[in-house]
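Chains, contacts and geometry: an overview
One-letter residues, chain by chain:
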Amino acid sequence: MLSIALRTVRTRWVAFAGSFLALALGVGLIATMGLALAATLDAPQRLPERFAQAPVVVKGNDVLRVPGPNGERTGTLAHPKPVAPDLARRLAALGRTTEDRSFPVRAEGAPEQLVGHPWSVAAFAPYALDAGRAPQSDEEVVTTGWARPGTRLTTDRGPATVVGTVTAPGGGHGFEDAVFWTDARASRLSPAIDQLVVAADPAAVRAAVGQDPDVRVLTGRDRRHADPDPERDSEALLAVNALLGTAGGVTGFVSVFVVASTFAFAVAQRRKEFALLRTAGATPGQVRRTVFAEALVLGVAASAAGCLLGAYGAPVLARWLAEEGIAPHWFTIGDAHWPLHAAFWTGLLVALAGVVAASLRAGRVGPVEALREAAVETRTMTPGRRLLGSALLLAGIGTLAHTLLTDPSDLLHRKTYTSRPMLFIVAFALLAPALVRPLVRVIAWLPAQLPGAGGMLIRENAAAGIRRTAALAAPVLVTVALAGSLLGTTATLGEAKATEMRQRTTADFVITGGAGGFDPAAVERIRSVPGTEVCAGAATELHVLEEGVALIRSDARAADPKSLARTARPPLVAGSLGDLDDDSVIVTQEWERHTVGEDVDVWLADGTRKTLRIAAVMSTGTGDNGAYVTPANAPGAPVDRIDVRLAPGADRTAVASALAGAARQAGGRIMTRDQWLADGHPGTRRTTRLGFLLVLGIALLYTGIALANTLVMATTDRAREFALLRLAGATRWQVLRLVAGESLLVVLVGAVAGSLVAVLNLAGIRWALGLLHVRSGIVVPWDVLGATVGACAALAVAAAVTPAASALRRRPAERAGVQD
């Protein structure tokens, strides 16, 4: 059987080329992503940056520790308490101390995430002056290279002149965009001590700190926790895992699908060949083993080629991830080899699994098939395929209905709306032969009515060759369904979030500030503008222990209840906004406790535990409604947004002018309500969109391979049919137009079927949003769908017309077997 399989692969290499390419590419992608995933697991531990040369760092404790019945739960605090002045004095008695203050700075022409520090802490990075000198007066600063010496800066902290620039260790401008003032000036700009460097024995420092829960003592590698955003590398690696995991899962699914579909069509094309083997005495088992042997040869060769491709592709992927900012800048591929082994055996398993159904069908071919002249298709839709497809379709609908009835918000999670379409895709692909004929009739009805026989021939050829049409439509179905489902869902959720923003805000103007927000004096200047009703809000967070085991963080807004009622319209389902006070909270329905009047224990943004009464309850929505508290329950949270509503009878133009002046003086930006909504329109996260585009790119590539391979096989086998058309009077160009028309029709059939899958998934999302009290429509990514269908159509036409044109070069009588 193996020798027969080898000869078959060598003789019918065209039939196996597409499967080899698809499988090799799939193994290569799995190997590439596996090597990248292995690199995230073996990532080096991050080293300290800002305080790499500091002996001991004392900072406010930003780790929330909550005891529970099943052990301690931890979280990260948004606004940890600063180092107390009396503790700083006690530590100063142990050795020299350096006070660190970090505060956001806004300056014209400066980087967006600009942060200010006292000059003395620059030595601990250690930064080195590469131009100019250190600051000596209140208006002198040093930058990390984003502004050169001599530059005059206009900042929200006052005017300043750049007198020097620094270089980070290893060269370059480092891990942050910073500006350094003199220590005296920095202490006036930000009086609180964020971190304290102590030149003393760590044991003595810990003894002086004692059991103070609001303070952390950092030494060694732990000093990295004093850096800005210390978890950014681990969060970036989690994003890499999610992106590659999704892409790898889709790659495996599509590769199995394409290989199985290609083998199934190849077996259907070789019915007479298998019948001759049966006539020569081969048993059904021998025929099945022949098909398996072919898959084994193909699988070994393609998997080996794919592993080689992955070994070269992984470093390229790692560089791209680092350059795009998805992975940390140091991210590289390690020396792990297990992903290559996993990819090889996965590819071989995919090849063998992909021919299971095809081998069973090949074994059922009887010797009588060798006597048939016409390639009449029989049993294109087997009972097993019909039963499995129907079962998967019902399972998909059932799980969708169950989720909608129990937890509709689960449909809005990325893992759910990424994986759920696969069930419907497989179901529709299995049922494709049953869908093809009615779809062909509907789509080709109008062309068939046009003058001439072309439209009618296209329709009848596609309807008669059900197996060929289904095999060609299936990969298009997969690609269109993925594009519509994934990108359509993210666009729909973005529009739903925008709808929530519009409904929650009744302000006429919105004034926003940077990360540092507005100081009390700036808020009062804006509040004093005549003809306005002002609500100053701050972003904060709450932690709550649910079911005694999960410490859940919830975003929250802090504002005065009376002013909030004038400028906002939260989606309340119970309670009243007016009942909010310093001893209460407004929560959403997704909280474990969400009954008005019920008490709930929360931990504030600085770690303070407090029991608050639930004053009102909001709908869950898309998950961005958060919670509301008063400013008394938002310690350390600066005002970052000021909503302004015009008082009755106020002059809009005059008020807008006065607000613009006050906002400019405070370093803020004023926008109308419509401008603010447009500026803050929720979009798909960059990593999510890149992941989806990677998935769609893989699917489109596989679709092209499947279309090209299947069409080349099908068109080559139709050479006699084309010759008969020529003998019947058709010109060469008429035959080519017929072939191109059939290809376009098949692509449209696949596109319509894929659109049905996308509509089914998007309908579930829309239903879930309705149950969550979000009134928003479905957003269909027509541009992406159009480009996807167009690309599939171009590939299909090229793959069909090229071999057809080659077949038409010979005389029709020779192809048809007719003697002159």
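These lines cover the structure that appears in this document, whether it is placed above or below. (Residues numbered from 1 in each chain as written. Predicted model: local features only at pLDDT ≥ 70, side-chain atom pairs only at ≥ 80, totals over all residues. Heavy atoms only, no water.)

1. Digging into the overall build of the protein
Worth spelling out the cut-off: Helix and strand definitions follow DSSP, with helices as H or I runs of at least four residues and strands as E runs of at least two, each counted in order from the N terminus. Working definition: with a 1.4 Å probe on protein chains only, accessible area under 20% of the residue-type maximum means buried, over 50% means exposed, and in between means partly exposed. Whether two residues touch is decided by their heavy atoms; if any such pair falls within 4.5 Å, the residues are in contact. With residues, only the protein chains shown are counted as cover, and all accessible areas are computed by Shrake-Rupley using a 1.4 Å probe.
If you tally the helices and strands in the protein, you get 25 helices and 23 strands. When the 820 residues of the protein are sorted by exposure, 50% land in the buried category. The contacts in the protein between residues at least 6 apart in sequence include a share of 79% that link residues at least 24 apart. When the accessible surface of the protein is split by element, carbon and sulfur atoms take 58% of a total near 36100 Å².

2. Digging into the side chain of Asn-61
This is how it is decided: We call two N or O atoms a polar contact when they sit within 3.5 Å, provided that within protein one can donate a hydrogen and the other can accept it, with sequence-adjacent residues counted only if both atoms are side-chain atoms.
Mapped onto the fold, Asn-61 is located in the loop between strand E1 (56-60) and strand E2 (63-68). Given the relative accessible area of 14%, Asn-61 is considered buried. Within the local environment of Asn-61, its side chain forms a polar contact with the backbone nitrogen of Val-63, the two atoms lying 3.1 Å apart.

3. Quick look at the packing of aromatic side chains
Each aromatic ring pair is summarised here by two numbers: the centre-to-centre distance and the angle between the ring planes. For the record, the criterion: Only Phe, Tyr and Trp rings take part, Trp by its six-membered ring, and two of them pair if their centres are within 6.5 Å. Stacked means planes under 30 degrees apart, edge-to-face means over 60, and tilted covers everything else.
Inspection of the entire model under this criterion finds four aromatic pairs. Both rings, one in Trp-119 and one in Phe-180, keep their centres 5.8 Å apart while their planes meet at 85 degrees; by these two values the pair is edge-to-face. With Trp-119 in the loop between strand E6 (114-118) and strand E7 (128-132) and Phe-180 in strand E11 (residues 177-181), this residue pair connects regions lying 61 residues apart in the sequence. A relative accessible area of 1% places Phe-180 in the buried class.

4. Structural notes on the packing of helix H12 (residues 414-430) against helix H16 (residues 466-504)
This is how it is decided: Only C-alpha atoms enter the line fits that serve as axes; for helices the fit covers just the stretch in contact. Angles between N-to-C directions range over 0 to 180 degrees. Roughly parallel refers to an angle under 35 degrees, roughly antiparallel to one over 145, roughly perpendicular to one between 65 and 115, and oblique to any angle outside these ranges. The crossing is said to be left-handed when, going from far helix to near helix, the turn is anticlockwise and less than a right angle, and right-handed when the turn is clockwise. Residues are grouped as follows: Ala, Val, Leu, Ile, Met, Phe, Trp, Tyr, Cys and Pro are nonpolar; Asp, Glu, Lys and Arg are charged; every other residue, Gly included, is polar.
Relative orientation of the contacting elements H12 and H16 amounts to 150 degrees, with a least axis distance of 10 Å. With respect to H16, the axis of H12 lies roughly antiparallel. Crossing handedness for the pair H12 and H16: right-handed. On H16, the residues touching Tyr-417, Thr-418, Pro-421, Met-422, Ile-425, Phe-428 and Ala-429 of H12 are Leu-477, Val-478, Ala-481, Leu-482, Ser-485, Leu-486, Thr-489, Thr-490 and Leu-493. A breakdown of the residues in the contact of H12 with H16 according to their chemical character gives 12 nonpolar, four polar and no charged.

5. A few points about the packing of helix H13 (residues 432-443) against H16
Closest axis-to-axis distance for the H13/H16 pair is 9 Å, and the angle between their directions is 100 degrees. One element, H13, and the other, H16, form an angle in the roughly perpendicular class. For the pair formed by H13 and H16, the contact residues are Ala-432, Pro-433, Val-436, Arg-437 and Val-440 on the first element and Ile-466, Thr-469 and Ala-470 on the second.

6. Focus: H12
Helical geometry: 3.6 residues make up each α-helical turn, so side chains three or four residues apart lie on a common side. The condition is simple: Helix span, as expected, comes to 1.5 Å for every residue beyond the first.
Taking 1.5 Å of rise per residue, 17 residues should cover 24 Å, and H12 covers 26 Å from first to last C-alpha, within 8% of that figure. For H12, the buried fraction is high: 12 of the 17 residues fall into the buried class. Within the span of H12, buried status applies to Thr-416, Tyr-417, Thr-418, Arg-420, Pro-421, Met-422, Phe-424, Ile-425, Ala-427, Phe-428, Ala-429 and Leu-430.

7. Re empty space enclosed by the protein
Quick note on the threshold: Here the term cavity refers to a set of points on a 1 Å grid, laid over the protein atoms alone, in which a 1.4 Å probe fits but cannot get out; the term pocket refers to an open set having protein on both sides within 12 Å along at least five of seven lines, with lining residues being those that place an atom within 4 Å of a point. Grid points are joined across faces, edges and corners, and a volume is the space filled by probe spheres set on the points.
Following the criterion strictly, the structure yields five cavities of 30 Å³ or more and no others. Leu-400, Leu-411, Tyr-417, Arg-420, Pro-421, Thr-489, Asn-761, Gly-764 and Ile-765 are the residues that line the second largest cavity. Elements with a minimum of two residues in the lining of the second largest cavity: H12 and helix H23 (732-771). Within the lining of the second largest cavity, the residues separate by chemical class into five nonpolar, three polar and one charged.

8. A few points about the sheet that holds E1
Strand pairing in a sheet relies on backbone hydrogen bonds, with the paired strands running either antiparallel or parallel. Put simply, the rule reads: Only strands that DSSP links by at least two bridges are regarded as paired with each other.
In space, the four strands of this open sheet follow the order E4-E12-E1-E13, with antiparallel pairing throughout. Because the sheet does not close on itself, it has two edges, and the strands there are strand E4 (97-100) and strand E13 (215-218). Averaged over all pairs of adjacent strands, the angle between strand axes in this sheet comes to 20 degrees, irrespective of strand direction. As judged from the four bridges shared by E1 and E13, these two strands associate in the antiparallel manner. Paired with Val-57 across the strands is Leu-218, a residue of E13. Contacting E1, E4, strand E12 (195-198) and E13, helix H3 (residues 85-92) runs over the sheet at an angle of about 10 degrees to E12. Strand contacts of helix H5 (residues 202-209): E1, E12 and E13, with the helix running at about 175 degrees to E13, the strand carrying the most contacts.

9. Topic: the pattern of salt bridges
Keep this limit in mind: For salt bridges, the criterion is a side-chain nitrogen of Lys or Arg within 4 Å of an Asp or Glu carboxyl oxygen.
Scanning all chains against the criterion turns up 23 salt bridges. Close ionic contact of Arg-65 with Glu-72 constitutes a salt bridge, the shortest N to O distance being 3.4 Å. Residue class for Glu-72 comes out partly exposed when judged on its relative accessible area of 48%. For the salt bridge of Glu-598 with Arg-593, the shortest nitrogen-to-oxygen distance reads 3.0 Å. You can call Glu-598 partly exposed: its relative accessible area is 26%. Classification of Arg-593 as partly exposed rests on a relative accessible area of 41%. One salt-bridge network, in which partners are shared between bridges, spans Arg-50, Asp-100 and Glu-176.

10. Overview of unusual backbone geometry
Both trends apply: most residues other than glycine have a negative phi, and most peptide bonds are in trans. With omega at -5 degrees, the peptide bond leading from Ala-125 into Pro-126 counts as cis. Note on placement: Pro-126 falls in the loop between E6 and E7. One non-glycine residue, His-773, lies in positive phi territory at about 65 degrees. The topology assignment puts His-773 in the loop between H23 and helix H24 (782-807). Classification of His-773 as partly exposed rests on a relative accessible area of 42%.

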